[in-house]
Amino acid sequence: MKYKLLVLMLLWSAATIAQKKAITVTEQTITIPATGRQAMYFYGFQKGDVAVITIEPDKPGQTVNLEVQEYTSGAIVYSSQPVKKVKELKLTIPQKLVYKFIVSSTSDKAISARLSIKRLPEKEETRHFNANITWQTIADTTWATTTEKVLVKSELTPVTIVDKTFRVASMANLNPSRVSVPFKLPANTVHWVYWIGVGQQSVEDLKNVTKLVTKGASVIASSTVSPVVGFGLGLIPSLPQVNASGNIDYYFMNKQSADKFVADEEGWKPYTFAQGTDIISDYKKVLFSETPKTTDGTLYATFRNSNTVTGLDITLKIVAFEQEKKYVNKQVRKPVKIEQRQVPVFGE
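A brief structural summary.

### Observations concerning the overall build of the protein
Counting its regular elements, the protein contains five helices and 18 strands. Expressed as a percentage of its 348 residues, the buried residues of the protein come to 40%. Within the protein, contacts between residues separated by at least 24 positions form 80% of all contacts whose residues are at least 6 apart in sequence. Counting only carbon and sulfur atoms, one obtains 52% of the accessible surface of the protein, whose full area is about 20700 Å².

### As for the sheet that holds strand β7 (residues 97-104)
Here we have four strands laid out as an open sheet, ordered β2-β7-β4-β5, and antiparallel in their pairing. Each edge of the sheet is formed by a strand with only one pairing partner; in this case those strands are β2 (39-45) and β5 (76-79). Recorded for the sheet is a direction-independent mean angle of 15° between the axes of neighbouring strands. Across three bridges, strand β4 (residues 65-70) lies against β5 in antiparallel orientation. Considered in β5, the bridge of Glu67 is made with Ser79.

### Focus: helix α5 (residues 255-262)
Among the residues of α5, Ser257, Ala258 and Phe261 are the ones counted as buried. The buried residues of α5 occupy an angular sector of 100° when projected down its axis, which confines them to one face. For α5, the secondary structure elements touched by its buried residues are β11 (178-183), β13 (248-253) and β16 (299-305). Phi turns positive, to about 60°, at Asp264, one or two residues after α5.

### Topic: the sheet that holds strand β3 (residues 50-57)
Read across the open sheet, the four strands follow the order β1-β8-β3-β6; overall the sheet is antiparallel. Each having just a single partner strand, β1 (23-32) and β6 (86-92) make up the two edges of the open sheet. Across the sheet, the axes of successive neighbouring strands diverge by a mean angle of 15°, strand direction being ignored. With eight bridges joining them, β3 and strand β8 (residues 111-120) adopt antiparallel strand pairing. Note on β8: the bridge partner recorded for Ala51 is Arg119.

### Re the layout of surface pockets
If you add up the space inside the second largest pocket, you get close to 180 Å³. Contributing to the lining of the second largest pocket are 14 residues, with Asp163, Leu206, Ser226, Val228 and Lys317 lying nearest its centre. Of all elements in the fold, only β10 (157-168), α2 (199-207), α4 (227-232) and β17 (312-322) reach the threshold of two or more residues within the lining of the second largest pocket. Broken down by element, the lining of the second largest pocket gets its largest block of residues, four residues, from β10. The class makeup of the residues in the lining of the second largest pocket is seven nonpolar, four polar and three charged.

### Observations concerning unusual backbone geometry
Phi is positive for Asp264, which is not a glycine, with a value near 60°. Considering the arrangement of structural elements, one finds Asp264 in the loop between α5 and β14 (275-279). Judged by relative accessible area, Asp264 falls into the exposed class, the value being 53%. Even without being glycine, Asp278 reaches a positive phi, approximately 55°. Its place among the elements puts Asp278 in strand β14. For Asp278, a relative accessible area of 38% puts it in the partly exposed group.

### Concerning the environment of Ile236
You can see Ile236 is positioned in the loop between α4 and β13. Put simply, Ile236 and Val209 are 27 residues apart on the chain and 9.2 Å apart in space, counted from C-alpha to C-alpha.

Criteria and cut-off values
- Residues numbered from 1 in each chain as written.
- Predicted model: local features only at pLDDT ≥ 70, side-chain atom pairs only at ≥ 80, totals over all residues.
- Heavy atoms only, no water.
- Helix = DSSP H or I, 4+ residues; strand = E, 2+ residues; numbered from the N terminus.
- Buried < 20%, exposed > 50% of the residue type's maximum accessible area, 1.4 Å probe, protein only.
- Contact = heavy atoms within 4.5 Å.
- Areas by Shrake-Rupley, 256 points an atom, 1.4 Å probe, with all protein chains shown as cover.
- Pairing = 2+ DSSP bridges.
- Axes fitted to C-alpha atoms, helices over the stretch in contact; angles between N-to-C directions.
- Arc of directions from axis to C-beta.
- 1 Å grid on protein atoms, 1.4 Å probe; cavity = no way out; pocket = protein on both sides within 12 Å on 5 of 7 lines; lining within 4 Å.
- Points joined across faces, edges and corners; volume = space filled by probe spheres on them.
- Nonpolar A, V, L, I, M, F, W, Y, C, P; charged D, E, K, R; others polar.

Below, the structure is given as structure tokens:
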């Protein structure tokens, strides 16, 4: 008799401890939809928890179905036939995860039931775990790898457009004291450089430019690259320029204005992107984007000798710098489909 009493006391004590340890996840009245539809609930559990589930319809004689799934894998951990109630079903949780509780009925009308879910934590430190979850929207992207031609940057290629020396007569001479030199830039021009020098001394100064600079001097001196090309490529910082007053004016024009300028007629208009008056030498780097567009694709460099009696030799150098479009085949990874989905996030 004493032995039986001791056993009963131990069982009562164990039950009391278990009841104290049980933590309510949810206690609510739910509506189970009519046959063919389901009600779903999601809760999180810690590793080692024991989930205790009870579902009981409010009215006698009604039946319910319960299915419990692991949310991530979709694995079914419990499934019932239609039953009058589920009474303290215990499920041991193998790892931290979210369970989906699917409740349905065979009734042709929605029924009301009481749902109770509790958890028995394995460890005291997980006792205050928050079983509620929130939903976060993420994008699932499907990728595909294709071969595409990809534009790669190529090196600049210098193209000599004009390299000539010509004479511009004095104003008193019967020969023209105004001259125009036409030129066209290649379609792939990125920028172009012109250099103008009056007389032989300007030409000599240009030849000796590598002796006066440091950056790029060795490159220029040891190759066939001219100083004008070197300047256009950024190998040398500047070209020789005489600041003293001279007798040459220069402008850039279209054909109509150049013809009027040479004939010394009124109505010619120079472009403003580059010009000079009373110069001995001058130069400039001109971006293709700031170069005027003409109907025939031709620009005219025009010169005027304002000296009354002395004809002058002018050297004009124009170099364009092309950058051809080069393509290489590359494997390119591109998204082909993006789908939005919601994932549960533990409340912790």
